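# Chain and residue survey
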Amino acid sequence: GDVQVMSAGTGIVHSERNEEDVETTLFQIWIIPDRRGETPGWGARPFPRGERAGRFVTLASGHAEDGDALPIRADARVLGATLKAGETATHKLGDRKAYLVATAGRIEVNGVAAEPRDGVAIAEVESIEVRALDDAEIVLVDVA
């Protein structure tokens, strides 16, 4: 449920490790920035599953109007949703592109089945409808 963002900017030293006694699963999503050479940055915030229940919530964004999201330096949004089996969530895409993955649970994306951890690349559709076949957790990246 936690989200971290990092911008390398002019350069960073970075390492990752799990200091807990339980196994951790994480996803790294790399998005090409709009600007280069800026000061490195880092941020983190919890996004409890209940806040994402039945709908997409913006977790990280390069758009000023997404004030509660962690800031990134790209014309992009990273969204998350948790759906109970049988529930649907939609996201308007317009002329943008998307990459979607269910971190848990089987889903259908505009009628196309996807297993947990399958990556789904989406383009040239007005909107995305995700239907959970099982209880599911979804990450959606919306890019220009």
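Our subject is the structure that appears above.
All chains use their own residue numbering, which begins from 1 and follows the written sequence. With the structure being a predicted model, the display of local features is reserved for residues of pLDDT at least 70 and the display and counting of side-chain atom pairs for 80 or more, all residues being used for whole-chain, interface and lining totals. Note that water and hydrogens are dropped before the side-chain values are worked out from all heavy atoms of the structure.

### What about the overall build of the protein chain?
Of the regular secondary structure elements, the protein chain holds 0 helices and 12 strands. For the protein chain, the α and β elements follow one another from N to C terminus as β-β-β-β-β-β-β-β-β-β-β-β. Computation of the radius of gyration draws on C-alpha atoms alone. For the globule rule, the value is 2.2 Å times the number of residues to the power 0.38. Here the C-alpha radius of gyration of the protein chain, 16 Å, is about what a compact globule of 144 residues would show, namely 15 Å. Seen along its three principal axes, the alpha-carbon backbone of the protein chain occupies a region of about 45 × 45 × 25 Å. A buried classification covers 35% of the 144 residues belonging to the protein chain. Whether two residues touch is decided by their heavy atoms; if any such pair falls within 4.5 Å, the residues are in contact. Taking the intrachain contacts of the protein chain between residues at least 6 apart in sequence as the baseline, contacts between residues at least 24 apart amount to 68%. Computed by Shrake-Rupley with a 1.4 Å probe, the accessible areas treat only the displayed protein chains as cover when residues are assessed. Entry remark: accessible area of the protein chain is about 9000 Å², with carbon and sulfur atoms responsible for 49%. For the protein chain, the centre of its 16 positive side-chain charges and the centre of its 25 negative side-chain charges are spaced 3 Å apart. Helical segments are the DSSP runs of H or I of at least four residues, strand segments are the runs of E of at least two, and each set is numbered from the N terminus. Only protein chains enter the accessibility calculation, which uses a 1.4 Å probe; a residue whose area is less than 20% of its type maximum is buried, one above 50% is exposed, and one in between is partly exposed. Counting rule applied: Lys, Arg positive; Asp, Glu negative; His and chain ends not counted. Where a charge lies is defined by one atom per residue type: Lys uses NZ, Arg uses CZ, Asp uses CG and Glu uses CD.

### Concerning the environment of S61
Looking at where S61 falls in the secondary structure, it is placed in strand β3 (residues 57–61). Excluding its chain neighbours within four sequence positions, the residues that come into contact with S61 are D66, A69, L70, P71, I72, A76 and R77.

### Considering unusual backbone geometry
In this model, R117 sits at a positive phi of 75°, which is unusual for a non-glycine residue. With respect to the element layout, R117 can be found in the loop between β9 (112–114) and β10 (119–122). Even without being a glycine, E124 presents a positive backbone phi close to 60°. Considering the arrangement of structural elements, one finds E124 in the loop between β10 and β11 (127–132).

### Concerning the side chain of R96
Assignment of secondary structure puts R96 in the loop between β6 (88–92) and β7 (97–104). The class for R96 is buried, based on a relative accessible area of 15%. Here a polar contact means two N or O atoms within 3.5 Å. Within protein one must be a hydrogen donor candidate and the other an acceptor candidate, and residues neighboring in sequence count only if both atoms are side-chain atoms. Side-chain polar atoms of R96 contact the backbone oxygen of D75, separated by 3.1 Å.

### Some details on the sheet that holds β11
Whether two strands pair comes down to DSSP finding at least two bridges between them. Read from one edge of the open sheet, 4 strands run β6-β11-β8-β9, paired in antiparallel fashion. A single partner strand is all that each edge strand has here, and the edge strands are β6 and β9. Mean inter-strand twist for the sheet, computed between neighbouring axes without regard to direction, equals 25°. Here an axis means a line fitted to C-alpha atoms, over the contact stretch when the element is a helix, while the angle between two N-to-C directions is reported on a 0 to 180 degree scale.

Note that every value here comes from positions in space, so none of it alone points to a role or purpose.
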